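Results of the structural survey
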Amino acid sequence: MYKMINGVFFDYGGVLIPSAFSTINNNYPNINKERMKSLFYEDRLLVGDKGTLEQLLNNEYNDIKMSPNEVISFLYNCNKFDEVWFIARKLKEDNLTVGIISDCIAELGDVMRQDTEFTSLFYPILLSPEIKLSKKSKKIFDKASERVNVKSDNLLMIDDNSNNLIAAKEAGWHVILYKNPILLRKDLSRYGILKNGS
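This text gives an overview of the structure that appears in the document.

Parameters and conventions
- Residues numbered from 1 in each chain as written.
- Predicted model: local features only at pLDDT ≥ 70, side-chain atom pairs only at ≥ 80, totals over all residues.
- Heavy atoms only, no water.
- Helix = DSSP H or I, 4+ residues; strand = E, 2+ residues; numbered from the N terminus.
- Rg over C-alpha atoms; globule rule 2.2 N^0.38 Å.
- Buried < 20%, exposed > 50% of the residue type's maximum accessible area, 1.4 Å probe, protein only.
- Contact = heavy atoms within 4.5 Å.
- Areas by Shrake-Rupley, 256 points an atom, 1.4 Å probe, with all protein chains shown as cover.
- Lys, Arg positive; Asp, Glu negative; His and termini not counted.
- Charge placed at Lys NZ, Arg CZ, Asp CG, Glu CD.
- Core = buried A, V, L, I, M, F, W, Y, C linked by side-chain atoms within 4.5 Å.

Some details on the overall build of the protein
- Each helix and strand in the protein was counted, giving twelve helices and five strands.
- Taking 198 residues into account, the globule formula puts the C-alpha radius of gyration at 16 Å, and the protein, at 17 Å, falls close to it.
- The principal-axis extents of the C-alpha atoms in the protein amount to approximately 50 × 30 × 30 Å.
- Scored against the burial criterion, the 198 residues of the protein give a buried share of 51%.
- In the protein, of all internal contacts separated by at least 6 residues, the share reaching a separation of at least 24 is 65%.
- Counting every atom, the protein has about 10100 Å² of accessible surface; 47% of that belongs to carbon and sulfur.
- Separation between the mean location of the 26 positive side-chain charges and that of the 26 negative ones in the protein comes to 5 Å.

Right under this line is the structure:
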């Protein structure tokens, strides 16, 4: 029997919206996918200030031949995964803390925070460039636990990348590897969340 879950945190790209990596690959089929993947997992990018993306694209990753605006433009026009947003709203209606922990590019943080649905639904919002920690570190999960004043074993992280869940487990969190909304509902129901067809 699982402990009571008081808070659920979502990754952003890949869970609430398409991931930046997959979207860029779809829109730029000739791009070097390995180089783009390397860029998106670059520690300097995930915890860097605004301008880090431009520096990387102008130097070590100049072979990618994309501007920072091209890299982040997907976020302005991407479709949200409506069913997952619906689940997040239901969790909030059920008085659970519903937050975000996301590794992202600093410039994307501004775009996310312009979305009033995003800022009204999710709290707290922990973005890697703002707190200078990525999901590779259990410290980001410790910080989230402190911010909501909830013990780690009462918190749950949902992410589409199993590597991003390693540190969450080390921090004592429960985790769900996101595949699709149907499986997410089943996984949540195992924790006693979203029962009775919610």
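Some points on the nonpolar core
- Phe 10, Phe 122 and Ile 193 are the most contacted members of the largest nonpolar core, which totals 49 residues.
- Counting 18 residues, the second largest nonpolar core, distinct from the first, contains Leu 133, Val 148, Leu 155 and Met 157.

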